[in-house]
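# Working through the structure, step by step
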Amino acid sequence: MLIEIQAAAGPAEALVARPSSGTGPFPGVILYMDAFGLRPRIEEMTQRIADWGYVVLAPNVFYREGTAAELAPAGDMSSQEGREAAGKAAFPRVGRLTPDKALPDIDAWVAALAGLDGVARGPIGTTGYCMGARLAVRTATAHPEVVAACGGFHGGGLATDQPDSPHLGLGNARARFVFGHADNDRSMAPDAVARLGGALRDAGLEASNEIYEGAPHGYSMADTSAFHPEATERHFRELRALLDGTLKA
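Below is a summary of the structure that appears in this document. Fair warning: this is a prediction, and the values are worked out from it, not measured in the lab. Residue numbering note: each chain is counted from 1, following its sequence as written. In keeping with the model being predicted, local features are shown solely for residues with a pLDDT of at least 70 and side-chain atom pairs are shown and tallied solely at 80 or more, while totals for entire chains, interfaces and linings include all residues. Side-chain measures here rest on the full set of heavy atoms in the structure, leaving out hydrogens and waters.

Moving on: helix α1 (residues 40-50). For every residue, the accessible area obtained with a 1.4 Å probe (protein chains only) is divided by the maximum for its type, and the residue is called buried under 20%, exposed over 50%, and partly exposed between those limits. Note on conventions: DSSP H or I runs of at least 4 residues are helices, E runs of at least 2 residues are strands, and numbering of each starts at the N terminus. Along α1, the positions that sit buried rather than exposed are Arg41, Ile42, Met45, Thr46, Ile49 and Ala50. Those residues of α1 that are buried lie in contact with β2 (10-17), β3 (28-32), β4 (55-59), β5 (124-129) and α7 (229-247). Here a residue-residue contact requires only that any non-hydrogen atoms of the pair lie within 4.5 Å.

Structure (structure tokens):
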């Protein structure tokens, strides 16, 4: 179902998925979409995670640019050409969602999740995809008092040489982290993976920071040409272990 949240710059849509069975309350999870926005694939992923026993909130982080329907890819992304065509509209939005915009919104997402019916009091988890992995990390570092689990999959720009790089805030975090990086990813090259690993170690955080061999950037998105089934299932296994081990322990 879609709900409306009052975010920093106005109303924003968000998907909410609940377990198909069982009685709550359930731990809460924030899922940050990739650059292509809220669409059926993100609904599928939120519901799969919800059916593990979670209430999952997936906000339209690009609400400043339009509604989920307005921003949804218009064409078929299952070919490389189709994915590239969709990216011409989608990728510039990523650059416009700067940290000074994202951080106040993150406060709104965290508050909205806590206010949903059936969400258990206590720690929450977050997971993000592509640019959403950066938002997941920023959520864990901005709200260390509530975020106990943070996943990031085929993320880009997690550990750059810029002064606002997400990895620089890891000293504030208390979460357990799981990263599943794409292979040969120009947005998260091996030196960046190593930089992220060093920051996690320096912060004394429990973390997995792995490159999924042979998996391209965007590997979990079954509606695009980047889909890699084996890497996708690995990511789901590792994410479930992370969430269950922190939020249900």
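Let's pick the thread back up.
Remark: nonpolar core denotes a set of buried residues (Ala, Val, Leu, Ile, Met, Phe, Trp, Tyr, Cys) joined through side-chain atoms within 4.5 Å. Among the nonpolar cores identified, the biggest contains 85 residues, and Ile42, Ile49, Leu57, Val61, Trp109, Phe177 and Leu243 are the most heavily contacted of them. At seven residues, helix α4 (residues 99-115) tops the list of elements feeding residues into this core. Among all residues touching tryptophan 109, those that are not within four sequence positions of it are Ile5, Ala7, Ala12, Ile30, Tyr32, Leu57, Pro59, Asn60, Val61 and Tyr63.

Note on pairing: DSSP must find at least two bridges between two strands before they are called paired. The strand order across the open sheet built from eight strands is β1-β2-β4-β3-β5-β6-β7-β8, with neighbouring strands paired in mixed fashion. Edge positions in the sheet fall to β1 (2-7) and β8 (207-211), since each of these pairs with one other strand and no more. Along the sheet, successive strands turn relative to each other by an average axial angle of 20°, direction set aside. Relative to β4, β2 is paired through four bridges, and the arrangement is antiparallel. Looking at the pairing, alanine 17 lines up with valine 56 of β4. Sheet strands in contact with helix α5 (residues 131-142) are β3, β5, β6 (147-153) and β7 (176-181), and its direction is about 155° off that of β5. What counts as an axis is a line fitted to C-alpha atoms, over the stretch in contact for a helix, and the angles between N-to-C directions run from 0 to 180 degrees.

The subject of this paragraph is unusual backbone geometry. With an omega of 5°, the peptide bond between glycine 24 and proline 25 qualifies as cis. When you line up the elements, proline 25 lands in the loop between β2 and β3. Non-glycine residue histidine 154 carries a positive phi angle of around 40°. The topology assignment puts histidine 154 in the loop between β6 and β7. Classification of histidine 154 by relative accessible area gives buried; the value is 0%. For asparagine 184, which is not glycine, the phi dihedral falls at a positive 50°. Assignment of secondary structure puts asparagine 184 in the loop between β7 and α6 (190-202). For asparagine 184, a relative accessible area of 73% corresponds to the exposed category.

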